Amino acid sequence: MRYYVKDSTLVIEGDFEAVSTGLNGGRARVNYLFNKQVPRTFNPPDPREFVKEEALKLGLETANFGLLTAVKMEYLQVVEDDYLTAFITAGVSNGSEFRAKVGTINIILISKARLSETALFGAIITATEAKGLALLEKGYTFLGTNTDAVIVAYETGSSGSDPGNQENKEIPYAGSSTEFGKQITEAVMRGVKVGLELRGE
């Protein structure tokens with residue numbers, strides 16, 4: 001896996017099995033994941049088509065999953081541990097529940113370890129729970145915004161340098177009480193809180 005920011009867009013390259021709750025989401029094997037910054041007044045006639053067009057502009061012509069955010073990439077949070085990398089852009093506009101509806105919190109989780117189907121989908125739940133908990137601990141009275149999205153993926157060709165490393169094993173579950181779930185919770189809570197703090201939210 002490698003990642004970079006190009007044209008106000010986070011681009012993650014690799015060979016992934018992934019699930020996405022974003023526009024044009026679903027379950028697929030993809031080569032690119034991206035999170036594109038758009039204007040706060042963004043309101044295209046066909047958001048799904050917009051995502052496809054932006055992927056082509058970025059040169060991402062093979063299979064991909066894309067997300068959209070009004071958060072500037074300078075506020076992107078990248079949280080890494082031994083076998084999980086979380087990419088988070090967090091914005092809620094301000095603390096009122098009405099204004100929060102125009103914000104977006106996007107979470108992309110990449111596992112170096114293979115995930116079972118159960119863990120792949122379960123990680124979405126755990127990440128969402130962690131996001132909600134982070135917002136509550138920050139003093140907000142809502143658990144998310146209308147446009148939040150999550151992508152969970154694992155690298156299909158990864159083999160780690162240490163045969164005993166977790167990344168060489170399939171992770172069966174991703175519930176919040178599992179070791180992997182705890183890693184997700186910690187990474188998401190840290191990324192959401194720091195991202196909001198940097199934006200003064």
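Topic: the confidence of the model for the protein chain
Phase 1: Predicted confidence across the protein chain gives a mean pLDDT of 90, with 90% of residues reaching 70 or more.
Phase 2: Across the protein chain, strand 5 (residues 77–80) holds the top mean pLDDT of 98, while helix 2 (residues 97–100) sits lowest at 50.
Phase 3: Considering only residues more than four positions removed or in separate chains, one finds that residues 159–164, a stretch of pLDDT under 50, has 8 contacts.

Let's talk about the pairing of strand 1 (residues 2–6)
Phase 1: As defined by bridge partners, strand 1 adjoins strand 2 (residues 9–20) across 5 bridges and the pair is classed as antiparallel. Paired with Y4 across the two strands is V11, which belongs to strand 2.
Phase 2: Following strand 1, the chain reverses through 2 residues before pairing antiparallel with strand 2; D7 in that reversal takes a positive phi of roughly 50°.

A look at the nonpolar core
Phase 1: In terms of nonpolar packing, the biggest core is built from 35 residues, with L109, V152, I184 and V188 touching the most fellow members.
Phase 2: For this core, the secondary-structure elements that each account for two or more residues are strand 6 (84–91), strand 7 (104–111), helix 3 (117–137), strand 8 (149–155) and helix 4 (179–198).
Phase 3: In terms of residues, this core owes the most to one element, helix 3, which gives 8 residues.
Phase 4: Beyond its immediate sequence surroundings of up to four residues, I184 is in contact with L84, L109, A123, T126, A127 and A174.
Phase 5: Of all hydrophobic cores here, the second largest spans 16 residues; its members include L67, M73, L76 and A153.

Here we look at the side chain of S20
Phase 1: Mapped onto the elements, S20 comes out in strand 2.
Phase 2: A polar side-chain atom of S20 sits 3.0 Å from the main-chain amide nitrogen of G22.
Phase 3: In contact with S20, other than residues within four places in its own chain, are G25, G26, F65, L67, V150 and I151.

Digging into the environment of K169
Phase 1: Relative to the elements of secondary structure, K169 occurs in the loop between strand 8 and helix 4.
Phase 2: Under the relative-accessibility criterion, K169 is labelled partly exposed at 45%.
Phase 3: Along the sequence, K169 and L115 sit 54 residues apart, while their C-alpha atoms lie 8.6 Å from each other.

As for the pattern of salt bridges
Phase 1: This structure, assessed with the given rule, holds 12 salt bridges.
Phase 2: R29 serves as the salt-bridge partner of D15, at 2.9 Å between the closest nitrogen and oxygen. With a gap of 14 residues between them, D15 in strand 2 and R29 in strand 3 (residues 26–37) connect regions that are remote in the sequence.
Phase 3: Here D15 falls in the partly exposed class, since its relative accessible area comes to 33%.
Phase 4: D148 serves as the salt-bridge partner of K131, at 2.8 Å between the closest nitrogen and oxygen.

Definitions and cut-offs
Residues numbered from 1 in each chain as written. Predicted model: local features only at pLDDT ≥ 70, side-chain atom pairs only at ≥ 80, totals over all residues. Heavy atoms only, no water. pLDDT = per-residue confidence, 0-100. Helix = DSSP H or I, 4+ residues; strand = E, 2+ residues; numbered from the N terminus. Contact = heavy atoms within 4.5 Å. Pairing = 2+ DSSP bridges. Core = buried A, V, L, I, M, F, W, Y, C linked by side-chain atoms within 4.5 Å. Buried < 20%, exposed > 50% of the residue type's maximum accessible area, 1.4 Å probe, protein only. Polar contact = N/O pair within 3.5 Å; in protein donor to acceptor, adjacent residues only side chain to side chain. Salt bridge = Lys/Arg side-chain N within 4 Å of Asp/Glu carboxyl O.

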